[in-house]
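Here's the letter readout for the chains.
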Amino acid sequence: MQEPVHSPRIARGGKSIYGAPLGILMLEARFPRIAGDMGNGTTWPFPVLFRVVRGASPEKVVLQGARGLLPDFIAAARDLVDLGAEAITTNCGFLSLFQAELAAAVQVPVATSSLMQVPWVQAMLPPGKRVGVVTVSRASLTPAHLQAAGVPLDVPMEGTEGGREFFRVLIKAEKADLDVALAEQDILDAGRALLARHPEVGAIVLECTNMPPYAAALQAELGLPVYDIYTLVTWLHGGLRPARFG
């Protein structure tokens, strides 16, 4: 009787870490990262790799245009890919400025900003409706940031810099603790102000990666679809590890 032939089981090597194909470039900050925040590991329904870019504070990236930080982000992205990341994303929507350079440097898919969803969402809306953006700092979100993400320069926008909590804690680092209810109110106020100035808005994209904890409240308040870094990253990961059926 002939012995059964078994196919060899070969485990492929070449990485340092397995099972976490998505790498996240993190800003260096000490504010609380509550559930839903990009930097909270429990936010993600799959494992991720984190790398903090030292010296890249929220204030430097948002208010100072991330000047001089590109080499540090490239080095950190390459490190994540060397560890095992198959795609890279970042912890600030303002890093759309580095989209082309990071993608060229690491040669894997890169999604630097939730703003990249604006053209996709616009394509889904009925005639006469537009995508609106809620950002942490409207004054700092320049045409260069928008162009790098493929966003029309006349996109309706509203910021949180006039609020009581969100901007003060996350960008200005005025204190270490966060009043979550006040932060949520800042997001809701920005959304209401956006619709008051632009009633044609039919969907919202949240620029800031710290805003997903408040997306459900904003959607309920405005009655509009809300997209953010969570929707972008889960979409990105879906391509890296497609669902298996059957």
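Structure first, text after, so check above.
*Asks:* For this particular structure, what's the right way to read empty space enclosed by the protein?
*Replies:* Leftover empty space is mapped by rolling, across the atoms, a probe with the size of a water molecule. A full pass over the atoms with the stated rule returns two cavities of 30 Å³ or more. Roughly 70 Å³ of internal volume is contained in the largest cavity. Leu 27, Asn 91, Cys 92, Ile 171 and Asn 210 are the residues nearest the centre of the largest cavity, which is lined by 14 residues in total. For the lining of the largest cavity, the residue count by class is nine nonpolar, three polar and two charged. Approximately 30 Å³ is the volume found for the second largest cavity. Surrounding the second largest cavity, Phe 31, Pro 32, Ile 34, Asp 37, Leu 170, Leu 178, Asn 210, Pro 213 and Tyr 214 form its lining.

*Asks:* For this particular structure, what's the right way to read the sheet that holds strand β3 (residues 87-90)?
*Replies:* By definition, the strands of a sheet pair up through backbone hydrogen bonds, in either a parallel or an antiparallel sense. Taken in spatial order, the four strands make up an open sheet running β2-β1-β3-β4, and their pairing is parallel. Edge strands, defined here as strands with exactly one partner in the open sheet, are β2 (48-52) and β4 (110-111). Pairing of strand β1 (residues 22-26) with β2 involves five bridges; the strand directions are parallel. When the sheet's bridge partners are listed, Leu 25 is paired in β2 with Arg 51. Across the sheet, helix α9 (residues 229-240) lies against β1, β3 and β4, angled at about 175° from β3, the strand it touches most.

*Asks:* Which parts of the structure should I look at to understand the pattern of salt bridges?
*Replies:* A side chain of one charge can pair with a side chain of the opposite charge if their charged atoms are brought near each other. Applying the stated rule across the entire model yields 12 salt bridges. For Glu 158, the salt bridge identified is with Arg 197, shortest N-O distance 3.0 Å. Note that Glu 158 is positioned in strand β6 (residues 157-159) and Arg 197 in helix α7 (residues 180-197), a separation of 39 residues in sequence. Overall, the relative accessible area of 37% leaves Arg 197 in the partly exposed class. Of the charged contacts in the structure, one is a salt bridge between Lys 175 and Glu 165, with a shortest N-O distance of 2.9 Å. Here the residue Lys 175 occupies a position in the loop between α6 (166-170) and α7, and Glu 165 occupies one in the loop between β6 and α6, the gap between them amounting to 10 residues. Lys 175 sits in the partly exposed class, given a relative accessible area of 34%.

*Asks:* So what exactly am I meant to see when it comes to α7 here?
*Replies:* Residues that lie three or four places apart on an α-helix share one face, since the helix turns once every 3.6 residues. Compared with the 26 Å implied by 1.5 Å per residue over 18 residues, the 26 Å span of α7 between its first and last C-alpha is a close match. Those residues of α7 not exposed but buried are Ala 183, Asp 186, Ile 187, Leu 188, Ala 190, Gly 191 and Leu 194. On the buried face of α7, the contacting elements are β5 (130-135), β6, α6, β7 (201-206) and α8 (215-222). Among the residues of α7, the N-terminal cap falls to Asp 179, whose side-chain oxygen and the backbone nitrogen of Ala 181 are separated by 3.2 Å.

*Asks:* I keep staring at the side chain of Ser 114 and nothing clicks. Help me out?
*Replies:* With respect to the element layout, Ser 114 can be found in the loop between β4 and α4 (118-124). Here Ser 114 falls in the buried class, since its relative accessible area comes to 0%. Within polar-contact distance, the side chain of Ser 114 engages the backbone oxygen of Glu 207 at 3.2 Å. Apart from the residues lying within four places of it in its own chain, the contact partners of Ser 114 are Val 205, Leu 206, Glu 207, Asp 228, Ile 229 and Leu 232.

*Asks:* Mind showing me how you'd approach the sheet that holds β7 here?
*Replies:* With parallel pairing, four strands are arranged side by side in an open sheet as β6-β5-β7-β8. With partners counted over all chains shown, the strands left at the sheet margins are β6 and β8 (226-227), one partner each. Inspection of the sheet shows β5 paired to β7 by five bridges, in the parallel sense. Among the inter-strand pairings, Arg 130 is bridged to a residue of β7, identified as Val 201.

Reading guide: rules and limits
Residues numbered from 1 in each chain as written. Predicted model: local features only at pLDDT ≥ 70, side-chain atom pairs only at ≥ 80, totals over all residues. Heavy atoms only, no water. 1 Å grid on protein atoms, 1.4 Å probe; cavity = no way out; pocket = protein on both sides within 12 Å on 5 of 7 lines; lining within 4 Å. Points joined across faces, edges and corners; volume = space filled by probe spheres on them. Nonpolar A, V, L, I, M, F, W, Y, C, P; charged D, E, K, R; others polar. Pairing = 2+ DSSP bridges. Helix = DSSP H or I, 4+ residues; strand = E, 2+ residues; numbered from the N terminus. Contact = heavy atoms within 4.5 Å. Axes fitted to C-alpha atoms, helices over the stretch in contact; angles between N-to-C directions. Salt bridge = Lys/Arg side-chain N within 4 Å of Asp/Glu carboxyl O. Buried < 20%, exposed > 50% of the residue type's maximum accessible area, 1.4 Å probe, protein only. Expected span 1.5 Å × (residues − 1). Polar contact = N/O pair within 3.5 Å; in protein donor to acceptor, adjacent residues only side chain to side chain.

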